[in-house]
Amino acid sequence: MMSPETVQSWLDEHFARIVAERGVPGASVAVLTQGQVLTAAGGVLSRATGVEATTGSVFQIGSITKLWTSALVMQLVDEGLVGLDTPLRAYLPEFRVGDEAAAAAITIRQLLCHVAGFEGDIFTDTGRGEDAVEKYLASIHDIPQLFAPGEVFSYNNTGFVVLGRLVEVLRGKPFDEVLTERLVAPLGLTHVAPSPYEAILHRAAVGHVPGEDGAAVPAPAWALARSNAPAGSMLAMTPRDLLAFIAMHLADGAAPDGSAVLGPGTAAAMWQPQVKLPRLAGMGTAWGLGWEIEEHDGQTVVGHDGGTIGQAAFLRVAPEHGVAIALLTNGGDVFGIFTDVLAHLLKELTGVTLPGRPVPPAEPRTIDPTPTWAATPTRSTTSPSARTPAARSGSTGCPRTSSPRSARSRCAPGSWPSRATR
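Here is a short report on the structure shown in this document. Just so we're clear, the structure is a prediction, and the values are computed from it rather than from any experiment. Position labels on residues start from 1 in each chain and follow its written sequence. Given that the model is predicted, a residue must reach a pLDDT of at least 70 before its local features are reported, and side-chain atom pairs must reach 80 or more before they are shown or counted; all residues, however, enter totals for whole chains, interfaces and linings. In computing side-chain properties, one takes all heavy atoms of the structure into account and sets aside hydrogens as well as water.

**Regarding the packing of aromatic side chains**
Any pair of Phe, Tyr and Trp rings, taking the six-membered ring for Trp, is counted once the centres come within 6.5 Å. Such a pair is stacked with planes under 30 degrees apart, edge-to-face with planes over 60 apart, and tilted for the rest. Enumeration according to the criterion identifies 7 aromatic pairs in this entry. Measuring from centroid to centroid gives 4.0 Å for Trp68 and Phe245, while their planes differ by 10°, and the two rings are stacked. Pair noted here: Trp68 is in helix H2 (residues 65–78) and Phe245 is in helix H9 (residues 239–250), with a separation of 177 residues, a long-range link. Comparing Trp68 with Phe245, the two get one shared label, buried. Among the aromatic residues, those joined into a cluster by ring pairs are Phe153, Tyr155 and Trp287. The residue whose ring lies beneath Lys66 is Phe160, and the NZ or CZ to ring-centre distance is 5.9 Å. Think of it this way: any DSSP run of H or I at least four residues long counts as a helix, any run of E at least two long counts as a strand, and we number them from the N terminus. Buried, partly exposed and exposed residues are distinguished by accessible area as a fraction of the type maximum, computed with a 1.4 Å probe on protein chains only: under 20%, between the cut-offs, and over 50%, respectively. Throughout this description, the term charge over a ring refers to an Arg CZ or Lys NZ atom that lies within 6 Å of the ring centre and within 35 degrees of the ring normal.

Structure, rendered in structure tokens:
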């Protein structure tokens, strides 16, 4: 296993070179191992300005924001303000979708593990004011209910905006303000930007997209709509700050000063599988309460990925080893640098080999497109390890198109009793 000193030496020697070789305009990485955080950065924040990327630069984390939103929701659960298996309407009576019966039945747990069943890729821009999330909730009253609540896993950005509104209503403040007061401040984070207004105070990365000649050029916009902030439209930070948030989870919810950010056992409960997924490109094998979960070589790896306009973020955590790696990028061959850096270091530090991305077979075979669950859907048990078939695709702002967005599933409501009703 690599020592912290060896990790830093490897990063110093190789990271900037890999950034250049993979055509990534700029990137930053942080590695948590043996209680130490090692960092490196390479490239530029924008090819238009040529400003150097440093370890103090902030990059957007995209859908990794959902882990922050999940933590804010679980704080409500810890305090007994909400119950995971209570219908959302009990706390957010104005919640509506196209199917009234479904809207009345959807629970907080179902939203956290992406089985609420309504259309999940709604990116309506409701303005830049503090009421953007509130207006967004009012705008989805007629969106289609694609599946019955709890029946099918379908990655749902919309659902996390709804959860963000739940946080706003019960805390009486805008989402950004709650995130800052209840997570950023208690953890002592210094380089976290919930919006462009804070990002401008730091060295901020600009996303890059393919230009006419295929080369990466600065994106025409810095962020997605504020209305989607709880799902991951604009939150930016350094990898070091992201790992400080992760370190709190590894410390059973404790901040560096010993104060409780999450209740005892809450972080571990969030990592308990709620829905089982098939092996897909870059996806986990299960989903917890907000978290993606993978099982490799008999070990558990949790995390999340994120994508915004020309920026891609990756996070992997091996709880048994106390290891976490955050890789933030602003364009180029992001999957290549993920393999060269994050996957490589995770293997060296934990022995876990992450699966590579699939490649087309040399001789394609004929398949039957009929869903195997069409006739006999599988239901889960209520044990803590319950898992059921499902599939996931998509990330905030940049929905993935390489795999199906949903499949028959059940979220296991008994896998962790609500603290509010214990």
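**A word on the side chain of Thr65**
The topology assignment puts Thr65 in helix H2. Polar side-chain contacts of Thr65 include one of 2.7 Å to the backbone oxygen of Gly62. We call two residues contacting when some pair of their heavy atoms lies within 4.5 Å. Setting aside its immediate chain neighbours within four residues, Thr65 contacts Ala229, Pro230, Ala231, Gly232 and Leu235. Pairs of N or O atoms are called polar contacts if they sit within 3.5 Å, as long as, within protein, a hydrogen donor faces a hydrogen acceptor (for residues adjacent in sequence, only side-chain-to-side-chain pairs).

**Focus on the packing of helix H1 (residues 4–21) against helix H11 (residues 334–350)**
Axes here refer to lines fitted to C-alpha atoms; in helices the fit is confined to the stretch in contact. Angles between the N-to-C directions go from 0 to 180 degrees. One way to put it is that H1 packs onto H11 with a least axis distance of 10 Å and a crossing angle of 165°. Between H1 and H11, the angle is such that the two are roughly antiparallel. As H1 packs across H11, the resulting crossing turns out to be right-handed. Across the interface between the two elements, Val7, Trp10, Leu11, Phe15, Ile18 and Val19 of H1 pack against Ile337, Asp340, Val341, His344, Leu345 and Leu349 of H11. In terms of residue class, the contact of H1 with H11 is made up of 10 nonpolar, 1 polar and 1 charged. Any angle between 65 and 115 degrees counts as roughly perpendicular, while under 35 counts as roughly parallel, over 145 as roughly antiparallel, and the rest as oblique. Throughout, a crossing is termed right-handed when the near helix is turned clockwise from the far one, and left-handed when it is turned anticlockwise from it by less than a right angle. Under this grouping Gly is polar, as are all residues other than the nonpolar Ala, Val, Leu, Ile, Met, Phe, Trp, Tyr, Cys and Pro and the charged Asp, Glu, Lys and Arg.

**Points about a nonpolar patch on the surface**
A grouping of Leu81, Val169 and Leu170 is seen on the molecular surface, where their side chains present a nonpolar patch of about 190 Å² in accessible area. Locating Val169 in the fold gives a position in helix H6 (residues 157–171). With a relative accessible area of 32%, Val169 lands in the partly exposed category. Put simply, a patch holds well-exposed residues, over 30% relative accessible area, that have no salt bridge, with like charges counted together within 9 Å and Val, Leu, Ile, Met, Phe, Trp or Tyr side chains within 5 Å. The Shrake-Rupley method, run with a 1.4 Å probe, gives the accessible areas here. Residue values count only the displayed protein chains as cover. Salt bridges are identified by distance alone: a Lys or Arg side-chain nitrogen within 4 Å of an Asp or Glu carboxyl oxygen.

**Let's talk about the pairing of strand E2 (residues 36–43)**
Any two strands are treated as partners once DSSP identifies two or more bridges connecting them. Sheet topology note: the strand E1 (residues 26–33)/E2 ladder contains 8 bridges and is antiparallel. Counterpart to Thr33 in the pairing with E2 is Gln36.

**Observations concerning the packing of H2 against helix H7 (residues 175–184)**
When two helices pack together, their arrangement is given by the angle between the helix axes and the distance between those axes. Orientation of H2 relative to H7, taken along the N-to-C sense of each, is 75°, at an axis distance of 11 Å. Regarding the angle of H2 to H7, the classification is roughly perpendicular. Here Trp68, Thr69, Ala71, Leu72 and Gln75 of H2 come into contact with H7, specifically with Phe175, Val178, Leu179, Arg182, Leu183 and Val184. Split into classes, the residues belonging to the contact of H2 with H7 amount to 8 nonpolar, 2 polar and 1 charged.

**Remarks on the side chain of Asp305**
The topology assignment puts Asp305 in strand E12 (residues 299–307). Using a relative accessible area of 4% as the deciding quantity, one classes Asp305 as buried. Engagement of the side chain of Asp305 in a polar contact is seen with the side chain of Arg316, the distance being 2.7 Å.

**Considerations on H2**
By this rule the span expected of a helix is its residue count minus one, scaled by 1.5 Å. Here H2 contains 14 residues, and its C-alpha end-to-end distance of 20 Å stays within 8% of the 20 Å for a straight helix at 1.5 Å per residue. The element H2 is extensively covered by neighbouring structure, given that 13 of its 14 residues are classed as buried. Once H2 finishes, Gly80 follows within two positions and takes phi at roughly 75°, a positive value.

**Things to note about the sheet that holds strand E10 (residues 286–287)**
With respect to topology, 8 strands assemble into an open sheet ordered E2-E1-E14-E13-E12-E11-E10-E9, the strand pairing being antiparallel. Because the sheet does not close on itself, it has two edges, and the strands there are E2 and strand E9 (275–276). Strand direction decides the pairing type here: strand E11 (residues 292–296) and E12, joined by 5 bridges, are antiparallel. Within E12, the position partnered with Ile293 by the bridge is Val302.

**A few points about empty space enclosed by the protein**
The pocket and cavity definitions rest on a 1 Å grid over protein atoms only: a 1.4 Å probe that fits but cannot leave marks a cavity, an open set with protein on both sides within 12 Å along at least five of seven lines marks a pocket, and residues lining either have an atom within 4 Å of a point. Grid points are joined across faces, edges and corners, and a volume is the space filled by probe spheres set on the points. Counted by the stated rule, this structure contains 2 cavities of 30 Å³ or more. Of the voids in this model, the largest cavity is the one considered here, and its volume is about 60 Å³. In this structure, the largest cavity is lined by Gly129, Glu130, Ala132, Val133, Glu168, Pro174, Phe175, Asp176, Arg226 and Ala229. Broken down by secondary-structure element, the contributors of at least two residues to the lining of the largest cavity are helix H5 (132–139) and H7. Here the residues of the lining of the largest cavity are counted per class, giving 5 nonpolar, 1 polar and 4 charged. When its volume is computed, the second largest cavity comes out at roughly 40 Å³. Lining the second largest cavity are Thr65, Phe175, Asp176, Leu179, Pro194, Ala229 and Leu235. In terms of residues, the lining of the second largest cavity owes the most to one element, H7, which gives 3 residues.

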